[in-house]
Amino acid sequence: MNKTILDVCCGSRMFYYAANDERLLCNDIRYLDDILCDGRKLTIHPDTEYDFRDLPFEDDKFYHVVFDPPHLLNVGDNSWLAQKYGKLPNGWRTYIKQGFGECMRVLKRNGTLVMKWNTRDISLPELLSVVGKPLYGDKGHGNGTYWLIYVK
Ligand SMILES: C[S@@+](CC[C@H](N)C(=O)[O-])C[C@H]1O[C@@H](n2cnc3c(N)ncnc32)[C@H](O)[C@@H]1O
């Protein structure tokens, strides 16, 4: 497999400009076709369906890893938000810590990990107390979304 970029929880690949880049391996724990309550289609077709807490890849494999995990706690299990983005379990700290740890493990030395986070339910300081500080980052356009860049 010649894939050098791993997205560990790609969802419906909404933020991609080049979702079909041949270097990209898209993983998600869900494979589904659904209709949201407002009639929009939800399509999640990952290449692989592994749990990001336990990835079956060797250490130091990928040049670039993308980690955009669920960030919502206070949503109904059947809400469209939960359907679209997933919902964190109550033990979210362990969940995110394990996922982040696996991303770092499979990343090559000097490779980059980009993590996306939204602070609707969990603040940035709370998140960083779990995953550590990035090298640098950027805040989205006032909607609570952050892009965090780590270099292994
Ligand atoms: C915020 S969404 C990702 C959105 C995506 N970046 C996009 O552009 O559409 C989070 C995704 O994480 C997936 N997910 C949740 N727990 C997971 C796990 N343990 N392993 C792999 N994927 C998981 C969910 O199924 C959901 O699709």
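Details of the structure are given in the entry above.
Conventions we followed
- Residues numbered from 1 in each chain as written.
- Predicted model: local features only at pLDDT ≥ 70, side-chain atom pairs only at ≥ 80, totals over all residues.
- Heavy atoms only, no water.
- Axes fitted to C-alpha atoms, helices over the stretch in contact; angles between N-to-C directions.
- Helix = DSSP H or I, 4+ residues; strand = E, 2+ residues; numbered from the N terminus.
- Parallel < 35°, antiparallel > 145°, perpendicular 65-115°, else oblique.
- Left-handed = near helix turned anticlockwise from the far one by under 90°.
- Contact = heavy atoms within 4.5 Å.
- Buried < 20%, exposed > 50% of the residue type's maximum accessible area, 1.4 Å probe, protein only.
- Arc of directions from axis to C-beta.
- Polar contact = N/O pair within 3.5 Å; in protein donor to acceptor, adjacent residues only side chain to side chain.
- Pairing = 2+ DSSP bridges.
- Near = heavy atom within 4 Å.
- Areas by Shrake-Rupley, 256 points an atom, 1.4 Å probe, with all protein chains shown as cover.
- Nonpolar A, V, L, I, M, F, W, Y, C, P; charged D, E, K, R; others polar.
- Salt bridge = Lys/Arg side-chain N within 4 Å of Asp/Glu carboxyl O.
- Core = buried A, V, L, I, M, F, W, Y, C linked by side-chain atoms within 4.5 Å.

Novice: An account of the packing of helix α2 (residues 92–106) against helix α3 (residues 124–131) is needed here, citing residue identities and associated values.
Specialist: Remark: α2 packs on α3, axes separated minimally by 9 Å, with the N-to-C direction vectors making an angle of 55°. In terms of axis orientation, α2 runs oblique to α3. Considering the relative orientation of α2 and α3, their crossing is right-handed. Residues W92, R93, I96, K97 and F100 of α2 form the contact with α3, whose own contacting residues are E126, L127, V130 and V131.

Novice: Got a sec to walk through α3? Specific residues and values, please.
Specialist: Regarding α3, the residues found buried are L124, L127, V130 and V131. Viewed along the axis of α3, the buried residues span an arc of 125°, placing them on a single side of the element. Of the residues in α3, the exposed ones pointing more than 90 degrees away from the buried face are P125 and S129. One side-chain oxygen of the residue at the start of α3 lies 3.2 Å from the amide nitrogen of E126, identifying that residue as S123. Positive phi shows up at G132, right after α3, with a value of about 90°.

Novice: Outline the sheet that holds strand β5 (residues 62–67), listing residues and values.
Specialist: Pairing in this open sheet of six strands is mixed, and the strands run β2-β1-β5-β6-β8-β7 from one edge to the other. If you trace the sheet from one side to the other, it starts and ends with β2 (24–26) and β7 (136–139), each paired once. Taking the axes of each pair of neighbouring strands and ignoring which way they run, one obtains an average angle of 15° across the sheet. In the sheet, strand β1 (residues 5–7) pairs with β5 via three bridges, with the strands oriented parallel.

Novice: Requested: an account of the site of the ligand, with residues and values cited.
Specialist: Residues in close proximity to the ligand total 19 residues, the closest being M14, D28, R30, F52 and D68. At 3.4 Å, a backbone N or O of C10 approaches an oxygen atom of the ligand. Contact between the ligand and M14: an oxygen atom at 2.8 Å from a main-chain N or O atom of the residue. Burial of the ligand by the protein chains amounts to 97% of its free accessible area of 610 Å². Along the lines of polarity and charge, the residues of the shell around the ligand split into 12 nonpolar, two polar and five charged.

Novice: How would you sum up the environment of T48? Please name residues and give values.
Specialist: Counting through the fold element by element, T48 comes out in the loop between β4 (41–44) and β5. Taking the C-alpha atoms as reference points, T48 and L81, separated by 33 residues in sequence, lie 23 Å from one another.

Novice: A description of the pattern of salt bridges should follow, citing residues and the corresponding values.
Specialist: Evaluated as defined, the whole model comprises 11 salt bridges. Put simply, D77 and K87 hold a salt bridge, and the shortest N to O gap is 2.9 Å. Here K87 lies in the loop between α1 (80–85) and α2 and D77 lies in the loop between β5 and α1, a separation of 10 residues in the sequence. Residue classification places K87 among the partly exposed residues on the basis of a relative accessible area of 31%. One connected set of salt bridges, linked through shared partners, spans D59, E102 and R105.

Novice: Please give an account of the side chain of N27 that cites residues and values.
Specialist: Relative to the helices and strands, N27 resides in the loop between β2 and β3 (32–35). Look past the residues within four positions of N27 in its chain and what remains in contact with it is L6, D7, V8, C9, C10, P46, T48, E49 and Y50.

Novice: How would you sum up the nonpolar core? Please name residues and give values.
Specialist: Grouped together as the largest cluster of nonpolar side chains are 30 residues, with contacts concentrated most on L6, V8, V65, F67, I96, L113 and M115. Of all the elements in the fold, those that place two or more residues in this core are β5, α2, β6 (107–118), α3 and β8 (145–151). Looking at which element gives the most residues to this core, the answer is α2, with seven residues. In this structure, F67 is in contact with V8, C9, F52, I96, G99, F100, C103, L113, V114, M115 and K116, ignoring residues within four places of it in sequence.

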